Amino acid sequence: MKPAPLDYAAPETLAEAVALLADASREAKVIAGGQSLMPMLNMRLARPELLVDLRRVDGLDHIREEHGAIRIGAMTSKREVEQSPLVRERLPLLHAATLHVGHPQIRSRGTVGGSMAQADPAAEYPCVAVALGATMRVVGPGGERTIPAADFFVTYLTTALEEDEILVEVSFPVPAPGTGWSFTEISRRHGDFALAGAAITVALDGAGTVADSAIVLFGVGPGPVRAHAAEARIRGGRPGDELYREAGAAVAAALTDPPADVHADSEYRRHLAATMTTRGLAEAVQRT
Amino acid sequence: MSEHTVEVTVNGVAYTATVDARTTLVDFLRAELGLTGTHVGCEHGVCGVCTVLVDGKATRSCLMLAVQADGLRITTVEGLAEAEGLHPIQEAFAEEHGLQCGFCTPGFLMATHELLEANPDPGDDEIRDVLGGQLCRCTGYQSILRSVHLAASKTRAQRAADAHA
Ligand SMILES: Cc1cc2nc3c(=O)[nH]c(=O)nc-3n(C[C@H](O)[C@H](O)[C@H](O)COP(=O)(O)OP(=O)(O)OC[C@H]3O[C@@H](n4cnc5c(N)ncnc54)[C@H](O)[C@@H]3O)c2cc1C
Ligand code: FES
Ligand code: FES
């Protein structure tokens with residue numbers, strides 16, 4: 001198992017990187033941390049003619065707070081996210097999710113941008129990006145554009161990125177003070193890709209009823225699945241076991257056809273999604 | 001297929017070499033530099049036998065191209081011990097029977113090394129989090145867990161002794 005013959009370039013500017021991707025004479029692919037792409041190259045499931053490594057491009061590796069958002073450069077490793085005091089304090093949901101992404105040995109190289117661009121339906125980061133209402137800053141030959149996370153993840157391993165576009169930054173709005181959150185995941189072993197998981201945020205109004213929530217599931221569809229019906233069901237409701245169970249039931253009813261594989265059939269994934277919604281909501285409300 | 005000149009420091013020795021773009025770091029270490037202590041198993045990031053330190057961080061050398069190591073500092077299992085004797089982590093694995101066939105051991109040693117450099121007094125959970133990224137088909141892991149605890153106490157003792165010296 002070795003990659004097929006390929007060329008490699010490590011340009012120093014974004015413009016050069018985009019030009020290499022836009023050159024139609026050979027099929028080019030970005031390589032970031034390589035933690036998803038290298039297995040595909042080794043198994044020859046991917047055979048690009050050129051790898052464009054972003055490691056020398058300046059300005060893609062940062063975590064900073066600006067205008068009420070935490071902006072994370074695409075080449076920032078998950079290890080840096082995990083160890084960032086800013087993320088722990090401002091985006092505890094992202095911090096919690098990071099600890100479930102593979103193992104420390106994978107997080108040392110795997111990047112934030114790579115997880116978004118890979119768009120694995122069982123991955124934690126796309127789900128958290130949708131739950132927190134993140135936006136993706138993307139650069140291509142035509143310039144720059146911003147894509148809301150909800151529109152970025154199209155389907156299995158497919159994003160709104162064009163082949164000659166590079167994801168440069170993910171911007172996570174900092175939730176309003178008092179927003180509760182939870183992150184729940186079920187996997188066969190800690191560090192494995194999830195069978196299913198849920199990222200939840202909830203805000204209560206002055207009267208203690210649910211003002212707003214985001215309930216987003218992963219591992220149960222072609223990408224992050226926002227549970228609109230469950231969110232609508234609990235809006236204005238009074239937190240308590242009954243409301244949490246109703247949210248779980250609404251999730252189960254709305255999930256038409258969760259994927260089935262050797263680890264879990266469709267019905268089991270539906271069951272997990274409902275249970276994680278019920279439990280996760282209770283946990284999120286406790287944190288408000 | 002492009003060829004590249006890489007300058008890489010492995011176990012403190014500077015090497016300059018020409019590599020094909022597609023050569024993985026683990027193949028470079030083993031075939032070009034003859035450092036066969038780093039093993040290669042699954043070649044897709046799952047088993048962890050190929051784990052080396054890249055600028056001090058535990059990394060799968062099967063998921064990195066040699067050309068990507070240009071300018072970086074690599075430590076392999078050959079770089080653990082001084083010229084004579086064993087490194088305290090290696091001693092601990094020997095004393096607590098943290099290996100049987102030994103195929104997985106280089107990866108466990110390097111992952112443990114990074115863990116203990118950062119924190120010589122890790123809790124059980126922290127150790128399990130790291131060991132969870134390494135597969136062993138022989139031991140059942142309990143002896144490895146004990147080995148890492150022993151290695152941690154050896155590391156602490158050594159640091160205390162160094163501080164007094
Ligand atoms: C053993 C193991 C366990 C894992 N467990 C998990 C897990 O539990 N959860 C999980 O989410 N992931 C897991 N992963 C995958 C890991 O998180 C990857 O790091 C991640 O999916 C991809 O990030 P990367 O930086 O390695 O990207 P790469 O592998 O370099 O790239 C992945 C894809 O994204 C594209 N790409 C990368 N960066 C950009 C960019 N800036 N702009 C445009 N395109 C880009 C590449 O062209 C490629 O198609 C695991 C991996 C391994 C080996
Ligand atoms: S050979 Fe690298 S992880 Fe298995
Ligand atoms: S000792 Fe044989 S695989 Fe671990």
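This one's a predicted model, so the numbers in the text were calculated from it and none came from an experiment.

All names here are of chain A. Tallied over the entire structure, the rule returns three aromatic pairs over all chains. Considering the side-chain rings of Phe152 and Phe153, the 5.1 Å spacing of their centres and the 85° angle between planes classify their relative orientation as edge-to-face. Of the two residues, Phe152 and Phe153, neither departs from the other in class, the shared state being buried. For the cation-ring pair, Lys78 lies above Tyr125, with the distance from its terminal atom to the ring centre recorded as 5.8 Å. The ring of Trp181 has Arg287 sitting right over it, with the charged end atom 3.8 Å from the ring centre.

Take the interface of chain B and chain A next. Taken residue by residue, the interface counts 31 residues in chain B and 31 residues in chain A. Summed over both partners, the interface of chain B with chain A comes to about 2500 Å²; 52% of that surface belongs to carbon and sulfur atoms. Together, Arg22, Leu63 and Gln68 of chain B form the three largest contributors to the area buried by chain B at its contact with chain A, with a combined 26%. Linking chain B with chain A are five salt bridges, by the criterion used here. With a shortest N-O distance of 3.5 Å, Arg107 of chain A and Asp129 of chain B are connected by a salt bridge. One can count 18 residue pairs in polar contact (both at pLDDT 80 or more) joining chain B with chain A. Of all elements in the fold, only β4 (57–60), α3 (105–118) and α4 (124–131) of chain B reach the threshold of two or more residues within the side of chain B that touches chain A.

Quick look at the site of ligand 1 now. Around ligand 1 sit 34 residues, and of these Val30, Gln35, Ser36, Leu37 and Thr111 of chain A come closest. With respect to ligand 1, the chains having nearby residues are chains A and B. The contact in question runs from an oxygen atom of ligand 1 to an N or O atom on the backbone of Val30 of chain A, over 2.6 Å. In this structure, an oxygen atom belonging to ligand 1 sits 3.4 Å away from a main-chain N or O atom of Gly191 of chain A. If ligand 1 stood free it would expose 970 Å²; the protein chains cover 94% of that surface. Only β2 (28–31), α7 (112–118) and β10 (166–173) of chain A provide two or more residues apiece to the shell around ligand 1. Here the element with the most residues in the shell around ligand 1 is α7 of chain A; it accounts for four residues. The residue makeup of the shell around ligand 1, split by class, is 15 nonpolar, 14 polar and five charged.

Once that is clear, we can look at the domain arrangement of chain A. Residues and elements named next belong to chain A. Structurally, chain A comprises domain 1 (7–53), domain 2 (63–173) and domain 3 (180–286). Put simply, the middle of domain 2 and the middle of domain 3, counted by C-alpha atoms, are 21 Å apart. Each side of the interface is counted separately: domain 2 has 22 residues, and domain 3 has 22 residues. Both faces considered, domain 2 and domain 3 share a buried interface measuring about 1800 Å² in area, 70% of it formed by carbon and sulfur atoms. Scanning the region where domain 2 abuts domain 3 turns up zero salt bridges. Counting every contact that joins domain 2 to domain 3 gives three residue pairs in polar contact (both at pLDDT 80 or more). When contributions to the side of domain 2 that touches domain 3 are tallied by element, the ones reaching two or more residues are α5 (92–98), α8 (124–131) and β8 (153–155). Of all the elements, α8 adds the most residues to the side of domain 2 that touches domain 3, at six residues. For the side of domain 2 that touches domain 3, the per-class residue count stands at 16 nonpolar, four polar and two charged.

Taken residue by residue, chain B gives an average pLDDT of 97. The fraction at 70 or more is 100%. What the predictor reports for the complex is a pTM of 0.97 with an ipTM of 0.95.

What counts, and where the lines are drawn
- Residues numbered from 1 in each chain as written.
- Chains lettered and ligands numbered in written order.
- Predicted model: local features only at pLDDT ≥ 70, side-chain atom pairs only at ≥ 80, totals over all residues.
- Heavy atoms only, no water.
- Phe/Tyr/Trp six-rings, centres within 6.5 Å; stacked < 30°, edge-to-face > 60°.
- Buried < 20%, exposed > 50% of the residue type's maximum accessible area, 1.4 Å probe, protein only.
- Lys NZ or Arg CZ within 6 Å of the ring centre and 35° of its normal.
- Contact = heavy atoms within 4.5 Å.
- Buried area = accessible area lost by both parts, 1.4 Å probe.
- Salt bridge = Lys/Arg side-chain N within 4 Å of Asp/Glu carboxyl O.
- Polar contact = N/O pair within 3.5 Å; in protein donor to acceptor, adjacent residues only side chain to side chain.
- Helix = DSSP H or I, 4+ residues; strand = E, 2+ residues; numbered from the N terminus.
- Near = heavy atom within 4 Å.
- Areas by Shrake-Rupley, 256 points an atom, 1.4 Å probe, with all protein chains shown as cover.
- Nonpolar A, V, L, I, M, F, W, Y, C, P; charged D, E, K, R; others polar.
- Domains from an automatic or database assignment.
- pLDDT = per-residue confidence, 0-100.

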